[in-house]
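Listed here are the chains, written in short residue letters.
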Amino acid sequence: MRVDLFVDPACMWSWLTSRWLVEVAPQRGLQVRWRSYSLLLRDGPEGLEDWKAALWRASHRAVRVMQALHADDPDGVRGFYEALATQAVAAYNAGRPPFQDLQGALAAAGLAPTYAAAADDAAWDEPIRRSMAEAFAVVGQGVGTPALVVHLDPPVGLLGPLVSGATLGRRSGLRHHAGGAGAVTSPATPAHGPGVAVVMGKEPSRIWWPWSVMAAAWPVAADRWSHDRLGSSGLCVATYG
């Protein structure tokens, strides 16, 4: 079963989710595609704090490289993303800004350093927007990162799952996968509009609005539950509508 993971390197939640997905994919027969997402293109630079504007601009340059790689070598995106994240941690620990050595990240992943030229080529922004539009079409307009699209019939969109480092490790990662953690969009309801359900364990326990998950994590009650399993993935998700 194919799963698309949409990431912006600036989002640490995306990195943690990617580590969980890398662990469970071979055990559950998942084919993961790494897709481009730019927080800067979604929100624009206006009104951002200086530190966030600098971070998102630097990350956006890296996302352009990811998109250029996707056009030629989709399997290379993962290696670049992982090398980039490793670099970013080292830069942070050394007090340096992240995402500055794109050629170095490409070389570390065994990819041609010439792809770094895409970082300053705005022509890649439109393909990135199209990539994001694929996530929005399934998960919901404006959804953040990490976003997953599970290619069932019809496709299912997940915000997250948002995981902590404690979830990682083969045994805990598989429990997390099998028990079900994630968020899935549902049809709009008159009372609530589009919703997402964060699922823990075999049965859903509460619903969260998308923006609440990313900000205040405000739980609201659901009018009606329905739940199903995502085919052979073992993910238990919940929708309401």
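Note that the coordinates shown come from a computational prediction; the quantities given were computed from them, not determined experimentally. (Residues numbered from 1 in each chain as written. Predicted model: local features only at pLDDT ≥ 70, side-chain atom pairs only at ≥ 80, totals over all residues. Heavy atoms only, no water.)

Next up on the list: the pattern of salt bridges. Following the criterion strictly, the structure yields nine salt bridges and no others. Between Asp 125 and Arg 64 there is a salt bridge, with its nearest N and O atoms 2.8 Å apart. Taken as a pair, Asp 125 in helix H6 (residues 125-139) and Arg 64 in helix H3 (residues 50-72) lie far apart in primary sequence, 61 residues in all. Two residues, Arg 78 and Glu 82, come together in a salt bridge whose shortest N-O distance is 2.8 Å. A residue pair is termed a helical-turn pair when its members lie 3 or 4 positions apart in one helix, as Arg 78 and Glu 82 do in helix H4 (residues 76-93) at four residues. We classify Glu 82 as buried; its relative accessible area is 18%. (Salt bridge = Lys/Arg side-chain N within 4 Å of Asp/Glu carboxyl O. Helix = DSSP H or I, 4+ residues; strand = E, 2+ residues; numbered from the N terminus. Buried < 20%, exposed > 50% of the residue type's maximum accessible area, 1.4 Å probe, protein only.)

Two elements in contact, H3 and H6, have axes whose closest approach is 9 Å; the angle formed by their N-to-C orientations is 85°. In terms of axis orientation, H3 runs roughly perpendicular to H6. When H3 is examined against H6, the residues His 60, Val 63, Arg 64 and Gln 67 are found in contact with a partner set consisting of Asp 125, Pro 127, Ile 128 and Ser 131. Considered class by class, the residues forming the contact of H3 with H6 number three nonpolar, three polar and two charged. (Axes fitted to C-alpha atoms, helices over the stretch in contact; angles between N-to-C directions. Parallel < 35°, antiparallel > 145°, perpendicular 65-115°, else oblique. Contact = heavy atoms within 4.5 Å. Nonpolar A, V, L, I, M, F, W, Y, C, P; charged D, E, K, R; others polar.)

In total, this model carries three aromatic pairs according to the counting rule given. Ring centres of Tyr 37 and Phe 136 lie 6.1 Å apart, and the angle between their planes is 85°; this geometry places the pair in the edge-to-face category. Taken together, the residues Tyr 37 in the loop between strand S2 (31-36) and helix H2 (39-43) and Phe 136 in helix H6 connect sequence positions 99 residues apart. A relative accessible area of 0% means that Tyr 37 is categorised as buried. You can call Phe 136 buried: its relative accessible area is 13%. Through successive ring pairs, a cluster of aromatic residues spans Trp 15, Trp 34 and Tyr 81. When the ring centre of Trp 15 is taken as reference, the NZ or CZ atom of Arg 19 above it lies at 4.1 Å. (Phe/Tyr/Trp six-rings, centres within 6.5 Å; stacked < 30°, edge-to-face > 60°. Lys NZ or Arg CZ within 6 Å of the ring centre and 35° of its normal.)

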